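# Descriptive analysis of the structure
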Amino acid sequence: MDDVDAIQAQIARDMARSGDWVTARLDHLAYLEKAPLVYWIIAISYKLFGVRDWAARIPIALSVIGLAWLTAAFGTWAFDRHAGLYAGLSMATCAGLFLFTRILIPDVMLTLTIALAMWAFLRALEEEETHPRWWAFLLAASLGTGLLLKSLIALAFPIAAGVIYLFLTQQFFLRRTWQRLRPVSGLLVVLVIAAPWHILATLRNLPYFSFALHGGPGQYHGFLWFYFINEQVLRFLNLRYPRDYNTVPRLWFWLLHFVWLFPWSVYFPAFVKLSYKPLDRAGRTRLLAVCWTGFILVFFTFSTTQEYYSMPCYPALALLLGSAMAMDGAWIRRGTRVLFAVAILAALTTLGIFVAVRHLPTPGDISQALSPHPGAYTLSLGHVLDLTFDSFAYLRLPLVVASLAFLVGAIGTFRWLGQRAFLAAAMMMIIFFHAARLALVVFDPFLSSRPLAEAVLRAPEGRLINNRNYYEFSSITFYTNRDALILNGRYFNLEYGSYAPGAPKVFIDDAEFKQRWSEPQRYYLLAYAKAFGDFEKLVGQERLTVVAASGGKMVITNHPVKTAGQSVGSP
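Now for a look at the structure at hand. Because the structure is a prediction, the values reported are computed rather than measured.

### A short note on the nonpolar core
Core analysis: the largest hydrophobic core is formed by 165 residues, its most contacted members being Trp264 and Trp292. Of the residues forming this core, the biggest block, 13 residues, is contributed by helix 6 (residues 107-125). Excluding its chain neighbours within four sequence positions, the residues that come into contact with Trp292 are Phe74, Ile114, Ala115, Met118, Ala161, Pro312, Cys313, Pro315, Ala316 and Leu319. In this structure, Phe513, Phe535, Val546 and Met554 belong to the second largest nonpolar core, which totals 17 residues.

### Structural notes on the layout of surface pockets
By volume, the second largest pocket amounts to about 360 Å³. In this structure, the second largest pocket is lined by 19 residues; those nearest its centre are Leu139, Leu143, Ile159, Trp178 and Pro183. Those elements that provide at least two residues to the lining of the second largest pocket are helix 6, helix 7 (132-150), helix 8 (153-168), helix 9 (175-181) and helix 10 (183-204). Tallying contributions element by element places helix 8 first for the lining of the second largest pocket, with six residues. Among the residues forming the lining of the second largest pocket, the class breakdown is 16 nonpolar, two polar and one charged.

### Some points on unusual backbone geometry
Looking along the chain, the bond that leaves Leu206 and enters Pro207 is cis, with omega of 5°. Across the junction of Phe262 and Pro263, the peptide omega takes the value 5°, indicating a cis bond. Even without glycine at this site, His28 takes up a positive phi of about 70°. Looking at the element boundaries, His28 is found in the loop between strand 1 (25-26) and strand 2 (29-30). According to the relative accessible area criterion, His28 is partly exposed, its value standing at 45%. Even without being a glycine, Arg182 presents a positive backbone phi close to 50°. With respect to the secondary-structure elements, Arg182 resides in the loop between helix 9 and helix 10. A residue is classified by how much of its surface remains accessible, and Arg182, at 32% relative accessible area, is partly exposed.

### Some points on the pattern of salt bridges
For the coordinates displayed, the defined rule picks out 19 salt bridges. Among the ionic pairs, Arg281 bridges to Glu126, the shortest N-O distance being 3.7 Å. Separated by 155 residues along the polypeptide, Arg281 in helix 14 (residues 281-301) and Glu126 in the loop between helix 6 and helix 7 bring together distant segments of the chain. Two residues, Glu127 and Arg176, come together in a salt bridge whose shortest N-O distance is 4.0 Å. Taken as a pair, Glu127 in the loop between helix 6 and helix 7 and Arg176 in helix 9 lie far apart in primary sequence, 49 residues in all. Among the residues examined, Glu127 registers a relative accessible area of 54% and is labelled exposed. With relative accessibility at 43%, the residue Arg176 sits in the partly exposed group. In the salt-bridge network here, residues are joined through shared partners; they are Glu33, Lys34, Glu231, Arg235 and Arg240.

Conventions and cut-offs
- Counting of residues starts from 1 at the beginning of each chain's written sequence and follows it residue by residue.
- Restriction of local features to residues with pLDDT of at least 70 applies here, the model being predicted, together with a cutoff of 80 or more for giving and counting side-chain atom pairs; totals for whole chains, interfaces and linings are based on all residues.
- The side-chain numbers reported here are obtained from all heavy atoms of the structure, hydrogens and water having been left aside.
- Think of a nonpolar core as a cluster: buried Ala, Val, Leu, Ile, Met, Phe, Trp, Tyr and Cys residues, connected wherever their side-chain atoms sit within 4.5 Å.
- When a residue's accessible area, from a 1.4 Å probe over protein chains only, is under 20% of the maximum for its type it is buried; when over 50% it is exposed; and in between it is partly exposed.
- By the criteria applied, helices consist of DSSP H or I runs no shorter than four residues and strands consist of E runs no shorter than two, each listed in order from the N terminus.
- We call two residues in contact when some of their heavy atoms are within 4.5 Å.
- For each structure, a 1 Å grid was placed over the protein atoms alone; sets of points admitting a 1.4 Å probe that cannot get out are labelled cavities, open sets with protein on both sides within 12 Å along at least five of seven lines are labelled pockets, and lining residues have an atom within 4 Å of a point.
- Grid points are joined across faces, edges and corners, and a volume is the space filled by probe spheres set on the points.
- The nonpolar class holds Ala, Val, Leu, Ile, Met, Phe, Trp, Tyr, Cys and Pro. Asp, Glu, Lys and Arg form the charged class, and all remaining residues, Gly among them, are polar.
- A side-chain nitrogen of Lys or Arg and a carboxyl oxygen of Asp or Glu constitute a salt bridge if their distance falls within 4 Å.

Shown next as structure tokens:
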């Protein structure tokens, strides 16, 4: 657990420990950019299971299960039992859902609330529905909950999709439509759920209002400005400060959905044969799914984009996939043949890489064989670019398991069509996910700092100093449950809160570091190994004792310790 994972987990721990469930804090600094519900849920998980890394991940895991079940239920209601099964299967085993739920971010929870809102929207409008009031209430409750997960997009996506749908079906100006949707009482439900936190956060993080359309170093405008203007408006316009994010090129953002929905994306061409006429429940659901997907993709075409931002449209695509797969047809059979070709090619490729690297040496951990690309790390999957051919020598077991997965998929899609082929593809992905899990274990020294945290816990008590970006060593602060001073790192997510009135002084510069390093008090410096020479010049080789090194990172102390190696001049 490192980077965003440990940040989210640590904020939730601080909330539970301090009793302040309104203002999120990190290293005692106000962390105002995110909605609080994910922190609350993780904190509740801590209360039930204790403060552990796996306890922090339980809410995400349950949300994934809930999303797959909801998609299946939605598809069964809209189409039939087989379509529901295939929709749920597509949702549960698509590559994107696995990739983007390995990170402790609330997007899968948001996707769950949006999918529930869309289903409730259709159910409330359904003339045969005997309890439209309850579905209208569920729609509003989903919107309010989404607001506490991801702010305004939780309202924008389902409302915009619904409005487009109502215009296309010529229901927007019908009185009957609004009688069934109950927008006034629905607004009250949304406010009851979401307004209290927004009001309290505004009152506790002054000033109340600021309408500045720019931010910069040293500027602090309170919660309301940062949370809404900076995080919503300026981020959409790519003018947010600090700019700690990147954007995926628009064409790639669209095309990568063939990867995120793999293996089921081979059936996308079958969408053209579906009926989108709102003459029956199935047609209405397909039309809504198109409105739902289309608005999200177009929205992010004009905004900044990360790879996982479009996750809320996955259930809509899964519903269309389930409907097409249940209807079968020539395009589905062709898709199965394409999937066979992809699977056999992937099996041969992974097996070939394994054969090529089986005798390569693997000194140290995998970080020794990677080629860093720091400029790409502002993207969710930026670390993929670090892979080199030599790094696959550390991944021999995952390569074998991945080869087996693709072989299962190839055999199943070659021998069968229809349901058996779909089940074979699902089994392929389940085995492949296991291969990916094994690979993540190998990457752990590079992606996580847990081994360093364990070394700090074994060493004498001391204060942590984080070199530059707090995120890069966040798992050490999580696993040791210690605060950290931050050396030359007043930027990115912690910068804004550091200018709040009464904010603690956690940032230090080289001069203060040098002074503290010479004190009798023990400090532990967390830094990348490549920065060791800089600290030699700053404080001298004799004042640097390496406590532990892992994944290209180091823990260095200013006084010798028995558990550490001897003082050295280089790592």
